[in-house]
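Single-letter residue listing:
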Amino acid sequence: MPFYEKLKTKNHPMAAEKIPFHVLTSEEALRRLGSGPKGLSRSRAGELLELYGPNELTAGRKISPLLIFLRQFANLLIVILIVATVVSFFLGEHLDAYVILAIILACAVLGFIQEYRAEQAAAALQKLAAPEATVIRGGQEEAIPAREVVPGDLLVLRTGDRVAADARLLEEVNLKADEAILTGESTSVFKGTGPVAAPETPVADRTCMVFGGTVIIYGRGRAVVTTTGMDTEFGQIARLLGDVAAEPTPLERRMHLIGRVLGLICLVVAAGAVLLGVFRGHGWLEMLIWGLSLAVAAVPESLPAVVTGALAIGTTRMARRRAIVKRLPAVETMGSTTVICTDKTGTLTKNEMTARRLYLDGRQIEVTGSGYQPRGEFLVAGARINHREDTVLEFAVRIAALCNDATLEEKEDGWAVRGDPTEGALVVLARKFGLSRKKLSAEFPRVAEIPFSSETKRMSTIHGAPPGFLMGVKGAPESLLSRCRKKLTGDGERDLGEADRQEIAAQAAGMAHQALRVLGLAYKRLEALPDLEFEPDRDLVWVGLAGLIDPPRDEALEAVRRCRQAGIRVIMITGDHPDTAEAIAREVGLIPREGGGRAVLTGTDVNNLSDPELSEALAVARVFARVSPEHKLKIVEALQKRGHVVAMTGDGVNDAPALKKANIGVAMGIAGTEVSKEAADMVLQDDNFSTIVAAVEEGRIIYDNLRKFIKYLLTTNSGEIWLMLAAPLLGMPLPLLPIQILWINLVTDGFPALALGLEPAERHTMRRPPYPPNENFFGRGL
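Residues numbered from 1 in each chain as written. Predicted model: local features only at pLDDT ≥ 70, side-chain atom pairs only at ≥ 80, totals over all residues. Heavy atoms only, no water.

Chemist: Outline the overall build of the protein, listing residues and values.
Modeler: A count of helical and extended segments in the protein gives 27 helices and 28 strands. Across the 782 residues in the protein, those meeting the buried criterion constitute 55%. Of the contacts made within the protein by residues no fewer than 6 positions apart, 70% connect residues no fewer than 24 positions apart. Carbon and sulfur atoms make up 56% of the accessible area of the protein, which amounts to about 33700 Å² in all. (Helix = DSSP H or I, 4+ residues; strand = E, 2+ residues; numbered from the N terminus. Buried < 20%, exposed > 50% of the residue type's maximum accessible area, 1.4 Å probe, protein only. Contact = heavy atoms within 4.5 Å. Areas by Shrake-Rupley, 256 points an atom, 1.4 Å probe, with all protein chains shown as cover.)

Chemist: Got a sec to walk through helix H14 (residues 391–402)? Specific residues and values, please.
Modeler: Here H14 spans 16 Å end to end across 12 residues, near enough to the 16 Å set by a 1.5 Å rise per residue. Among the 12 residues that make up H14, nine are buried, leaving the element largely enclosed by the rest of the structure. All buried positions along H14 are accounted for by Val392, Leu393, Phe395, Ala396, Val397, Ile399, Ala400, Ala401 and Leu402. Among the residues of H14, the N-terminal cap falls to Asp390, whose side-chain oxygen and the backbone nitrogen of Val392 are separated by 3.4 Å. (Expected span 1.5 Å × (residues − 1). Polar contact = N/O pair within 3.5 Å; in protein donor to acceptor, adjacent residues only side chain to side chain.)

Chemist: So, the pairing of strand E14 (residues 407–411): which residues are in play, and what are the values?
Modeler: If a strand is regular, its side chains alternate between the two faces of the sheet. Bridge analysis of E14 against strand E15 (residues 414–418) gives five bridges, and the strand direction is antiparallel. Among the inter-strand pairings, Leu408 is bridged to a residue of E15, identified as Val417. Once E14 ends, the chain turns through two residues before running back antiparallel as E15. (Pairing = 2+ DSSP bridges.)

Chemist: How would you sum up the confidence of the model for the protein? Please name residues and give values.
Modeler: This prediction gives the protein a mean pLDDT of 83; 86% of its residues lie at or above 70. Per-residue pLDDT stays below 50 along residues 1–17; that stretch engages in 34 contacts with residues further than four places along the chain or on separate chains. (pLDDT = per-residue confidence, 0-100.)

Chemist: Tell me about helix H23 (residues 629–641), residues and numbers included.
Modeler: Spanning 13 residues, H23 covers 19 Å between terminal C-alpha atoms, matching the ideal 18 Å at 1.5 Å per step. Inspection of H23 places Pro629, His631, Lys632, Leu633, Ile635, Val636, Ala638, Leu639 and Gln640 among the buried residues, and these make up the whole buried set. Gly643 occupies a position one or two residues after H23 and carries a positive phi of about 90°.

Chemist: With reference to specific residues and values, describe the pattern of salt bridges.
Modeler: One pass over the structure, following the stated rule, counts 35 salt bridges. With a closest N to O distance of 3.4 Å, Arg147 and Glu56 form a salt bridge. Within this pair, whereas Arg147 is found in the loop between strand E2 (140–145) and strand E3 (154–158), its partner Glu56 is found in the loop between helix H3 (42–52) and helix H4 (65–71), the two being separated by 91 residues in sequence. Here Arg147 falls in the partly exposed class, since its relative accessible area comes to 41%. For Glu697, the salt bridge identified is with Arg321, shortest N-O distance 3.4 Å. Of this pair, Glu697 sits in helix H26 (residues 689–729) while Arg321 is found in the loop between helix H12 (302–320) and strand E8 (323–325), placing the two residues 376 residues apart along the sequence. Assessed through its relative accessible area of 31%, Arg321 is described here as partly exposed. Overlapping salt bridges bring together Arg321, Arg562, Glu697 and Glu698 as one network. (Salt bridge = Lys/Arg side-chain N within 4 Å of Asp/Glu carboxyl O.)

Chemist: I'd like to hear about unusual backbone geometry, residue by residue, with values.
Modeler: In this chain, Pro466 is followed by Pro467 through a cis amide linkage whose omega measures 15°. In this model, Asn174 sits at a positive phi of 50°, which is unusual for a non-glycine residue. Following the sequence through the fold, Asn174 ends up in strand E4 (residues 166–178). Notably, Asp687 is not glycine yet its phi reads approximately 55°, a positive angle. As for its position among the elements, Asp687 is in the loop between strand E28 (682–684) and H26.

Chemist: Now, about the sheet that holds strand E26 (residues 646–650): what can you tell me, with residues and values included?
Modeler: Read from one edge of the open sheet, eight strands run E8-E28-E27-E26-E9-E23-E25-E24, paired in mixed fashion. Each edge of the sheet is formed by a strand with only one pairing partner; in this case those strands are E8 and strand E24 (600–602). Mean inter-strand twist for the sheet, computed between neighbouring axes without regard to direction, equals 20°. The sheet contact formed by E24 and strand E25 (residues 623–625) spans three bridges and is parallel. Opposite Leu601, over in E25, you have Phe624 as the bridge partner. (Axes fitted to C-alpha atoms, helices over the stretch in contact; angles between N-to-C directions.)

Chemist: Account for the nonpolar core, naming residues and giving values.
Modeler: Generally speaking, nonpolar side chains in soluble globular proteins are found buried as a group. The biggest cluster of nonpolar side chains holds 71 residues, and the ones touching the most others in it are Met682 and Phe689. The leading source of residues in this core is H26, at nine residues. The residues touching Phe689, leaving out its near neighbours within four places in the chain, are Ile340, Thr342, Thr347, Leu348, Ala559, Val560, Cys563 and Val570. Residues Leu154, Met209, Leu601 and Leu639 belong to the second largest nonpolar core, which totals 48 residues. (Core = buried A, V, L, I, M, F, W, Y, C linked by side-chain atoms within 4.5 Å.)

Chemist: Tell me about the packing of aromatic side chains, and please be specific about residues and values.
Modeler: Applying the stated criterion across every chain, the model contains four aromatic pairs. Ring geometry for Phe190 against Phe452: centres 4.2 Å apart, planes inclined by 40°, an arrangement best described as tilted. Of this pair, Phe190 sits in strand E5 (residues 189–190) while Phe452 is found in the loop between strand E16 (446–450) and strand E17 (458–465), placing the two residues 262 residues apart along the sequence. Among the residues examined, Phe190 registers a relative accessible area of 23% and is labelled partly exposed. By relative accessible area, Phe452 is classed as partly exposed at 24%. Relative to Phe433, the ring of Phe378 lies with its centre 6.1 Å away and its plane at 75°, an arrangement referred to as edge-to-face. Of this pair, Phe378 sits in strand E12 (residues 378–380) while Phe433 is found in helix H15 (residues 421–433), placing the two residues 55 residues apart along the sequence. There is no split in this pair, since Phe378 and Phe433 are both buried. (Phe/Tyr/Trp six-rings, centres within 6.5 Å; stacked < 30°, edge-to-face > 60°.)

Chemist: An account of the packing of H14 against H15 is requested, with residue identities and associated values reported.
Modeler: Running from amino to carboxyl end, H14 crosses H15 at an angle of 140°, the nearest separation of the two axes being 8 Å. In this view, H14 runs oblique relative to H15, as classed from their interaxial angle. Handedness of the H14/H15 crossing: left-handed. Where H14 abuts H15, its residues Leu393, Glu394, Val397, Ala400 and Ala401 lie against Leu426, Leu429, Ala430 and Phe433. (Parallel < 35°, antiparallel > 145°, perpendicular 65-115°, else oblique. Left-handed = near helix turned anticlockwise from the far one by under 90°.)

Chemist: I'd love a proper account of the environment of Val397, names of residues and values included.
Modeler: Residue position: Val397 is located in helix H14. The exposure class of Val397 is buried, given its relative accessible area of 1%.

Chemist: Lay out a nonpolar patch on the surface with the relevant residues and their values.
Modeler: On the surface, Leu276, Phe279, Leu729, Leu730 and Met732 cluster together into a nonpolar patch covering about 570 Å² of accessible area. Of note, Leu730 is situated in the loop between H26 and helix H27 (738–755). Residue class for Leu730 comes out exposed when judged on its relative accessible area of 64%. (Patch = residues over 30% accessible without salt bridge, like charges linked within 9 Å, V, L, I, M, F, W, Y side chains within 5 Å.)

Chemist: Residue-level account of the environment of Leu402, with values.
Modeler: Here Leu402 shows up in helix H14. Residue contacts for Leu402: discarding those within four places in its chain leaves Leu440, Ser441, Phe444, Arg446, Thr461, His463 and Leu470.

Chemist: Explain the side chain of Ser336 to me, using residue names and the numbers behind them.
Modeler: Along the chain, Ser336 turns up in helix H13 (residues 330–336). The residues touching Ser336, leaving out its near neighbours within four places in the chain, are Pro250, Arg254, Val645 and Pro770.

Chemist: Explain the environment of Leu393 to me, and be specific about the residues and the numbers.
Modeler: Relative to the assigned elements, Leu393 resides in helix H14. Leu393 sits in the buried class, given a relative accessible area of 0%. On a C-alpha basis, the gap between Leu393 and Thr489 in space is 9.8 Å, while along the polypeptide they are 96 residues apart. Here Leu393 is in contact with Leu358, Leu360, Ile365, Phe378, Ile385, His387 and Phe433, once residues within four sequence places are set aside.

Given below as structure tokens:
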């Protein structure tokens, strides 16, 4: 049980409610946890370990492999074949029995493999837990197994550490954490010690907290542990994942219906034939064999093999289009999809920050090209400029490349950035201008630096530039503007007046409103190397603004258009900021220009909406931003209650519960975690939204071909049934033995039916709405 429930049984002062530690000061957090600057004593830590239990994840609901295997026999067609096997043994027809048994076991093993693999996602979470932690106990720093960490322990955090549990920061020095496994966003988060105002603040914005399973990628700090084990944010995802039952696919539901219908037909026909034969004077034993033959004739034994073969053909086709299917029925599910819930970063966008706009010397300069490929042009009012002769632009690009720690590399599969994505975008900007950071660094060697911090919100580097030195500064515009006295223009340096400051602030606000990440650029010339302790980054010269964004993929707009044409809704669900999400959604065409209702909702909105209100909001909502795993799960469930077949994409641990709950989960093959891949039914090799649309097309082709299979199989089996029924009425002996019927079904039904799996797509496959999810194979005249 959650440890707050355990505390209630012991009358602990923390038991009244789950405390939002992110709204408390660090001193208050220490007091509420019964800790202090020297941490817990070893004896007290032992008592708390007994009270709270080990700091480890439990897999939640586990299903025995034996139970999974036995569930494969809960199918009426399989039950009929089992009865036929038993009867054959009793009648001495051992060969018949062995053949039928082999078919039954083959179907059961195939189903077991598919279902067992779907239950492994929760186990993959264990691999992401920290193996050990550095804590302070009794004033002494020591390394302990992470499972022994308890609330109140003081964690020591250093670069490269995986955080052992959720904790409230007490002190930090340039601390930066990678929280992608929780939030799904690749941008690292700067941390601080100041409390957050609102208790309902999303996890992504709780900057004074660090979370179990995330990684410290820069700086150092100390934090007091607030929750451990299954009560951490990471543990809540594990609990959700363990509690979520995978949804049956539309194909599985349709196949179950076919099984029930055909099973009842088998029983009625066989029983009727036996009673008719006995009424006409035949013996019970003779008619029992006759009824068994009829049942075997009616049951399409090759149906599982044919369906499996058809789906296998579909998986091969999808693999060619870079979609790897892990669970065979998922092939057809893609064709039945009515709603695609997609992530933003890396799926609709390139996950490659790009400098898109500059504001220099009163001009807006657009930069073309996207991603890390260093190709693009510089435009003013839509017209290309001769950037080589633009001194302000050249100086801005030099500052951006020098005040930078990232590098750009060309690899076999394209260009890649090593380092922070934001800094990488500035390096690419310099290459588009024609400047190499490597050459610039050789010409202006770095001799000192003041690293970025969450307090100053800027970074400064000092470079040798004879006869003196050059300081380059980049950071938040408001942080730089307050330290600038002059500005750089085409005519040289000029005083920076109040009107200039207001115009720059307005431009920065305008860029931010368009979801651009805005950086200010400034510099200062130095005659001698300064003392860094006295903040030399004062009296700066303002250069300009740089607006960056993770741009949409070039093919995303066309893919969204094809979805709309095919009657499929696309909803963006992201942990990113609402403004950024809305800007990308408008660029790719998710949000129509006209329409009522709120197109963008946040996780807070989802919390405040009742189930009926959320269901109503889903009719118009196109974007959900700043969402948690619980929100994603709630959205998927609400869509399913509205009768939708939902495809859900994701790459982080936070996506795993929704991936498992959706009718088909689609994980990212490049950026995806092992947990998300285990929970998903399909993995994209290229993390591209257009690949999902291609998979939908293949799924529709497979469904159309499966209907052809069913029609063919029922037609051929009905001929056998009429033959077996007509013989006794005409006074003829048993025309076919059960094993002969099995042979006919497996040979003459199977291979011709599989040939139908190679049928090409029907016309307008992607220009029609999805067929109703509750439609069965016998619909539309079959």
